[in-house]
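Listed below, chain by chain, are the residues.
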2 protein chains.
Amino acid sequence: MDVTIYEVAKRAGVSIATVSRALRGTGPVAARTREKVLKAVEELNFTPSRLGVSLAEGRHAANGIVFPDLAGPYYTEVLLGYEEVASELGRSVVILSTKGRTKVGDLVKDLAGRVDGMLIFGHTVPEPLVAELVRLGVRLVFVSREPLAGADTLRSENTASARALAGHLAGHGYERFAFLGAPLTSQDDVDQRWQGVREVLGGAIEAVDTRHYTVECGYDAALTLLRGEGRPEAIVCSDDEVALGALLAAEELGLDVPGDVAVTGWDDIMAARHARPALTTVRQPMRELGARAARALDELITGARDTPRHLVLTTELMIRSSCGGHPAAT
Amino acid sequence: MDVTIYEVAKRAGVSIATVSRALRGTGPVAARTREKVLKAVEELNFTPSRLGVSLAEGRHAANGIVFPDLAGPYYTEVLLGYEEVASELGRSVVILSTKGRTKVGDLVKDLAGRVDGMLIFGHTVPEPLVAELVRLGVRLVFVSREPLAGADTLRSENTASARALAGHLAGHGYERFAFLGAPLTSQDDVDQRWQGVREVLGGAIEAVDTRHYTVECGYDAALTLLRGEGRPEAIVCSDDEVALGALLAAEELGLDVPGDVAVTGWDDIMAARHARPALTTVRQPMRELGARAARALDELITGARDTPRHLVLTTELMIRSSCGGHPAAT
DNA sequence: TTGTATGCGTTATCAG
DNA sequence: CTGATAACGCATACAA
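The name given to chain A in an unreviewed UniProt entry is LacI family transcriptional regulator, with the source organism recorded as Nonomuraea deserti.

And the structure:
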């Protein structure tokens with residue numbers, strides 16, 4: 001990456017303007033001239049400097065994405081959907097993980113200076129900074145967060161799905177429930193799920209903090225829960241990984257699922273279908289969340305749309321065998 | 001991101017050179033002058049344009065990473081280790097997934113124009129292009145690949161670990177083995193593992209193609225294998241995910257692990273420890289692979305080192321219960 | 001159809 | 001200590 005447009009121009013015996021035009025087809029160029037240019041480009045192995053192009057075009061042709069971590073399939077899937085569409089649209093993606101990072105603000109601002117817009121997961125970024133970014137005119141799309149002014153938001157439906165799930169479980173005749181999830185910070189996905197099941201189950205369900213959304217944390221919390229007094233008949237988990245942990249805990253204790261205790265997850269990650277018993281869960285279109293975010297960002301950046309949009313994608317209740325009742329196909 | 005250094009200079013009543021110096025401490029600036037500049041910067045909320053800085057500095061302060069996919073913990077872990085250290089070194093990371101992508105060459109070249117160097121997994125990029133990148137002077141570090149000239153390579157030890165694993169299994173008295181892995185393309189990690197176990201087990205082990213390194217593929221392949229004639233006594237899997245699939249297949253068929261058939265994995269992903277039975281596997285320092293790659297790249301880029309280095313990280317045999325014999329702690 | 005000149009936002013050199 | 005000014009690499013109005 002050393003040869004510049006000037007060298008190409010000199011070798012082809014034309015001006016840099018002509019080289020530029022010939023390469024990007026942005027203006028009239030005589031067929032013969034084009035050939036000369038192309039030949040020179042070939043011989044010199046010229047590739048326009050991204051920096052030069054971006055500076056002149058006034059755009060980065062890159063999207064950012066900030067996530068807390070990449071543990072588990074959820075963030076990964078969204079990321080892949082995002083990257084795929086971004087790439088399709090000719091945009092690179094620059095990542096930023098905030099896990100264990102101090103000075104997130106500086107990192108996010110730096111990122112903002114490298115991209116034309118970015119996807120931010122939930123409440124990964126402190127609210128004041130979000131406000132500042134909006135004020136600075138950074139194109140933003142939030143995934144898994146409540147709507148806010150000045151940015152797109154995108155999420156999967158939670159409350160109604162949670163109600164449906166709870167209703168299904170109640171239909172099996174269970175009467176003592178537990179909700180296993182990380183700290184229920186307001187406004188995020190998990191909180192909405194909790195609210196949903198609670199609306200249906202009321203006092204029959206109690207929440208248990210798992211600290212994190214991991215198999216390990218789910219396992220630990222479930223172990224304690226299942227060993228204690230008044231073991232619940234059904235455990236509704238905040239996501240599939242926590243649920244997989246619960247499944248392991250049950251097995252560890254020699255409890256049959258769903259015979260002794262029913263377990264449900266959320267997301268429908270690949271492992272959910274393969275778990276024993278197969279996990280009843282709520283399928284959320286993770287990949288699509290990322291893909292849509294990339295498209296939305298593109299609209300915002302190109303100016304195809306200038307008013308924020310708030311979208312909620314629908315989910316699907318996947319009844320499998322871990323919740324008991326009528327056994328279903330996997 | 002609209003205010004430029006000129007506006008700051010004007011407001012502070014100084015030249016842009018002084019602003020630049022005041023901000024980066026790259027030259028003498030009177031205390032009083034500095035104050036004025038800082039005040040103007042504050043009031044205008046000025047942040048130097050990344051593009052301008054990069055163009056002038058002649059560096060992107062960014063690293064690239066190209067991977068085939070992000071399915072499973074392996075790539076994700078390496079990526080996280082990479083991003084963490086890169087961030088520590090003040091470098092962003094821009095990603096590129098090649099899965100299902102046509103024109104990988106163009107994408108990789110574009111990426112090369114956006115970063116100061118990049119990490120490439122195994123043989124994700126066609127060899128001719130690798131050669132071209134090397135020729136162009138792009139700083140490269142390959143992870144999980146055999147050494148090549150002009151670039152760093154980094155991998156975990158495979159052959160000896162595989163021999164140790166095979167030896168351990170042989171010590172349990174098994175006599176019929178199967179190796180479950182994706183197509184054994186030459187030179188990559190899995191191939192080395194296969195060679196290793198083969199050296200020890202010889203004709204007693206046969207290879208089975210799983211197409212991909214996923215739980216699903218492992219499950220399918222193991223199901224066929226375990227249903228067939230001459231069921232193996234031990235299945236050595238190319239990685240933990242395939243092994244988890246094998247575990248599920250065994251359970252599906254009502255076979256006890258390790259009673260009826262032993263199963264081993266590779267990588268020691270989190271799920272390996274939580275699997276029932278806990279998976280005997282070879283721990284590979286995935287996170288460190290990424291971290292080291294970032295450091296190596298930094299050395300190459302800053303010029304702290306100019307001759308390629310080829311590193312092999314050591315692994316650790318994790319004997320757990322899925323391989324039979326003496327039961328061990330998890 | 002082609003060339004000239006300017007802008008894009010910094011950094012850094014070299015005179016004052 | 002400070003200020004012009006030349007890079008850096010390209011795109012693009014505007015002229016010719």
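Asker: Looking at this structure, how should I read the sheet that holds strand S6 (residues 177-181) of chain B?
Answerer: The pairing of strands in a sheet comes from backbone hydrogen bonds and takes either a parallel or an antiparallel form. All names here are of chain B. Pairing in this open sheet of four strands is parallel, and the strands run S7-S6-S8-S9 from one edge to the other. Each edge of the sheet is formed by a strand with only one pairing partner; in this case those strands are strand S7 (205-209) and strand S9 (262-264). On average, each strand axis in the sheet is inclined to that of its neighbour by 20°, with strand direction left out of account. In the sheet, strand S8 (residues 234-237) pairs with S9 via three bridges, with the strands oriented parallel.

Asker: Any chance you could explain the UniProt feature "domain: HTH lacI-type" (unreviewed entry) in chain A here in plain terms?
Answerer: Per the UniProt record, the feature "domain: HTH lacI-type" (unreviewed entry) sits at residues 3-57 of chain A. Note that residues 3-57 of chain A is 71% helix and 0% strand, and that its end C-alpha atoms are spaced 20 Å apart.

Asker: I would appreciate a short explanation of the sheet that holds strand S8 (residues 234-237) of chain A in the present structure.
Answerer: All names here are of chain A. Here four strands make up an open sheet; going across it, the order is S7-S6-S8-S9 and the pairing parallel. The open sheet has two edge strands, strand S7 (205-209) and strand S9 (262-264), and neither has a second partner. Sheet twist, expressed as the average angle between the axes of neighbouring strands with direction ignored, equals 20°. Across five bridges, the pairing between strand S6 (residues 177-181) and S7 is parallel. What sits directly across from phenylalanine 179, in S7, is alanine 207. On top of the sheet, helix H9 (residues 189-201) reaches S6, S7 and S8; it is set at about 160° to S7, its chief contact. Relative to the sheet, helix H10 (residues 215-227) contacts S6, S7 and S8, its axis offset from that of S6 by approximately 155°.

Asker: Looking at this structure, how should I read the protein's contact with DNA strand D?
Answerer: The environment of DNA strand D is formed by 28 residues, the closest being Ile5 and Ser49 of chain A together with Thr18, Ala30 and Thr33 of chain B. Here, DNA strand D places atoms within 4 Å of the protein, and 63% of those atoms are sugar or phosphate. In the model, a base nitrogen of DNA strand D is placed 3.0 Å from a nitrogen or oxygen of the arginine 21 of chain B side chain. Here threonine 33 of chain B contributes a side-chain N or O atom positioned 2.2 Å from a phosphate oxygen of DNA strand D. When the residues that make up the surface near DNA strand D are grouped by side-chain class, the tally is 17 nonpolar, nine polar and two charged.

Asker: Looking at this model, I keep getting lost on the interface of chain A and chain B. Mind explaining?
Answerer: Taken residue by residue, the interface counts 43 residues in chain A and 44 residues in chain B. Between chain A and chain B, the buried area comes to about 4100 Å², and carbon and sulfur atoms account for 58% of it. Inspection of the chain A/chain B interface yields six salt bridges. There are 18 residue pairs in polar contact (both at pLDDT 80 or more) connecting chain A and chain B. Class assignment of the residues belonging to the side of chain A that touches chain B gives a composition of 19 nonpolar, ten polar and 14 charged.

Asker: Please explain helix H4 (residues 50-57) of chain B as it appears in this structure.
Answerer: Residues lying three or four places apart along an α-helix face the same way, a consequence of the helix completing one turn every 3.6 residues. Along H4 of chain B, the residues that are buried comprise Arg50, Leu51, Val53 and Ser54 of chain B. Viewed along the axis of H4 of chain B, the buried residues span an arc of 165°, placing them on a single side of the element. Elements in contact with the buried residues of H4 of chain B: helix H4 (50-57) and helix H6 (104-112) of chain A together with helix H2 (16-24) of chain B. Two or three places before leucine 51 of chain B, at the start of H4 of chain B, stands the capping residue serine 49 of chain B, its side-chain oxygen 3.2 Å from that residue's backbone nitrogen. Backbone geometry just downstream of H4 of chain B places glycine 58 of chain B in the positive-phi region, at approximately 75°.

Asker: How should I be thinking about empty space enclosed by the protein in this particular structure?
Answerer: Any empty space left between atoms is shown by rolling a water-sized probe over those atoms. In this structure the tally under the stated criterion is one cavity of 30 Å³ or more. Of the volumes computed, that of the largest cavity is approximately 220 Å³. Taken together, 17 residues make up the lining of the largest cavity; nearest its centre are Leu51, His60 and Arg114 of chain A together with His60 and Arg114 of chain B.

Asker: Quick question: what am I supposed to make of the packing of helix H1 (residues 5-12) of chain B against H2 of chain B here?
Answerer: Angle between the axes and distance between the axes are the two parameters that describe a pair of packed helices. Residue and element names in this part refer to chain B. Where H1 meets H2, the axes come as close as 8 Å, and the angle between the chain directions of the two elements is 100°. Relative to H2, the element H1 lies roughly perpendicular. The segment H1 lies against H2, with Ile5, Tyr6, Val8 and Ala9 engaging Ile16, Val19 and Ser20. Taken together, the residues of the contact of H1 with H2 break down into six nonpolar, one polar and no charged.

Asker: Help me out: how do you make sense of the relation of the copies chain A and chain B in this one?
Answerer: A rotation about some axis, followed by a shift along it, carries one copy of the chain onto the other. Between the two copies, chain A and chain B, the superposition gives an RMSD of 0.1 Å; the rotation angle is 180° and the shift along the axis is 0.0 Å. Here the symmetry operator amounts to a two-fold rotation axis. Measuring from the rotation axis to each C-alpha of chain A, the shortest distance belongs to valine 94 of chain A, at 2.2 Å. A shared binding surface is used by both copies, with 100% of the interface residues of chain A retained as interface residues in chain B.

Asker: Is there a simple way to explain the nonpolar core in this structure?
Answerer: One broad rule of soluble globular proteins: the nonpolar side chains tend to lie buried together. Counting 103 residues, the largest nonpolar core has Ile65, Ile95 and Leu180 of chain A together with Ile65, Ile95 and Leu180 of chain B as its most contacted members. If we skip the residues at most four places from it in the chain, isoleucine 95 of chain A touches Ile65, Phe67 and Leu79 of chain A together with Leu79, Glu83, Val93 and Ile95 of chain B. Leu111, Val115, Val138 and Ala151 of chain B belong to the second-largest nonpolar core, a separate cluster that totals 40 residues.

Cut-offs and rules
- Residues numbered from 1 in each chain as written.
- Chains lettered and ligands numbered in written order.
- Predicted model: local features only at pLDDT ≥ 70, side-chain atom pairs only at ≥ 80, totals over all residues.
- Heavy atoms only, no water.
- Pairing = 2+ DSSP bridges.
- Helix = DSSP H or I, 4+ residues; strand = E, 2+ residues; numbered from the N terminus.
- Axes fitted to C-alpha atoms, helices over the stretch in contact; angles between N-to-C directions.
- UniProt positions renumbered as here; feature names shortened; annotations may be inferred.
- Contact = heavy atoms within 4.5 Å.
- Near = heavy atom within 4 Å.
- Polar contact = N/O pair within 3.5 Å; in protein donor to acceptor, adjacent residues only side chain to side chain.
- Nonpolar A, V, L, I, M, F, W, Y, C, P; charged D, E, K, R; others polar.
- Buried area = accessible area lost by both parts, 1.4 Å probe.
- Salt bridge = Lys/Arg side-chain N within 4 Å of Asp/Glu carboxyl O.
- Buried < 20%, exposed > 50% of the residue type's maximum accessible area, 1.4 Å probe, protein only.
- Arc of directions from axis to C-beta.
- 1 Å grid on protein atoms, 1.4 Å probe; cavity = no way out; pocket = protein on both sides within 12 Å on 5 of 7 lines; lining within 4 Å.
- Points joined across faces, edges and corners; volume = space filled by probe spheres on them.
- Parallel < 35°, antiparallel > 145°, perpendicular 65-115°, else oblique.
- Least-squares fit on C-alpha atoms with pLDDT ≥ 70 in both.
- Core = buried A, V, L, I, M, F, W, Y, C linked by side-chain atoms within 4.5 Å.

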